[in-house]
Amino acid sequence: MLTAVLGYSSMMVNATPAWKLVWQDDFKGPEGSPPDASRWHHDVGGDGWGNHELEYYTDRPDNAHVRDGHLEIVARRESFVGQPFTSARLQTAQTFSQAYGRFEARIQIPPGEGMWPAFWLLGNDIDKKGWPGCGEIDVMENVGQEPSTIHGSMHGPGYSGDKCLGAPFKLPDGQKFSDDYHDFAVEWKPGSVQYFVDGQSYQTLTPQNLPPGQKWVFDHPFFIILNLAVGGDWPGPPDDKTPFPASMKVQYVRVYEPATGAAPRS
């Protein structure tokens, strides 16, 4: 997901013994409680976030809370500080960032035209380098008009926005990502980022994929972002059939480092 310039399952662990769990949130807090402040901070605002989005991101429990053992990020159709929708955007910039490793989340996305859920990583040097110089790894993005498709992409200087690196992944037989939970992951190593959906690898990006003369900017710690945008340049606005409130449900987020050695963190 573009940002404004200033935003294992047990089976998988057993199948991938090369990784060691170092950070997680399984969202086991009290019913209706806000996300764990020791892990997640809220980005707040409604300036379009570089994409002409239509929501105002709040820090209210109405827009992000624990429910039935998972995190719910809820987009609502309501007028708020000049915007026609509210939602939430959570990030770990102040609490956790890491270079390399396996970053994974189990998510059920909402249906509907104009919805834009995302699980992504952003370089922790954004305040110094700006975007896209800091780098961005989009583990999962969906736009509502493509209910069977998610996108995995990478942005950097000279290859950002609609010129980013990446590929889509499509479910077979007309299945929709909003119908159930799915695992979304990247395995990030020096010089490569491999993308997975439900344990299936569908692309690996390396410096060889860069446009000629451009720089690979994925060798420093990145932090995690979960958000549910409404509208914007890519998905377009919701229509009359888009259901609200709309919930992006997150069962867990887990980060692993290589079992053979510690990953750089900050």
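Parameters at a glance
Residues numbered from 1 in each chain as written. Predicted model: local features only at pLDDT ≥ 70, side-chain atom pairs only at ≥ 80, totals over all residues. Heavy atoms only, no water. Helix = DSSP H or I, 4+ residues; strand = E, 2+ residues; numbered from the N terminus. Rg over C-alpha atoms; globule rule 2.2 N^0.38 Å. Buried < 20%, exposed > 50% of the residue type's maximum accessible area, 1.4 Å probe, protein only. Areas by Shrake-Rupley, 256 points an atom, 1.4 Å probe, with all protein chains shown as cover. Salt bridge = Lys/Arg side-chain N within 4 Å of Asp/Glu carboxyl O. Phe/Tyr/Trp six-rings, centres within 6.5 Å; stacked < 30°, edge-to-face > 60°.

Colleague: When you look at the overall build of the protein in this model, what are you seeing that I'm missing?
Modeller: Along the backbone of the protein there are two helices and 17 strands. Here the protein has a C-alpha radius of gyration of 17 Å; the compact-globule value for 266 residues is 18 Å, and the two agree. Referenced to the eigenvectors of the C-alpha coordinate spread, the extents of the protein come out at roughly 50 × 40 × 40 Å. Relative to its full complement of 266 residues, the protein shows a buried share of 56%. When the accessible surface of the protein is summed, it comes to about 11,000 Å², and 50% of that surface belongs to carbon and sulfur atoms.

Colleague: Help me understand the pattern of salt bridges, please; the structure alone is not making it clear to me.
Modeller: For side chains of opposite charge, pairing can occur when their charged atoms come near one another. Scanning all chains against the criterion turns up 12 salt bridges. For glutamate 78, the salt bridge is made with arginine 60, and the minimal N-O distance between the two is 2.5 Å. Placement of glutamate 78 in strand S5 (residues 70–80) and of arginine 60 in the loop between strand S3 (55–57) and strand S4 (64–67) is noted, with a sequence separation of 18 residues between them. Looking at glutamate 78, the relative accessible area reads 24%, which means it is partly exposed. Across the salt bridge formed by lysine 129 and aspartate 125, the nearest N and O atoms sit 3.6 Å from each other. By relative accessible area, which is 53% here, lysine 129 ends up exposed. When salt bridges that share partners are traced, they join Lys20, Glu257 and Arg265 into one network.

Colleague: Looking at this structure, how should I read the packing of aromatic side chains?
Modeller: The relative placement of two aromatic rings is captured by the distance of their centres and the angle of their planes. A complete count under the given rule lists 15 aromatic pairs for this structure. Both rings, one in tryptophan 23 and one in tryptophan 40, keep their centres 5.6 Å apart while their planes meet at 80 degrees; by these two values the pair is edge-to-face. With tryptophan 23 in strand S1 (residues 19–25) and tryptophan 40 in the loop between S1 and strand S2 (41–43), the pair connects residues that are 17 residues apart, well separated along the chain. Judged by its relative accessible area of 11%, tryptophan 23 is buried.

These figures come from the coordinates and say nothing about function on their own.
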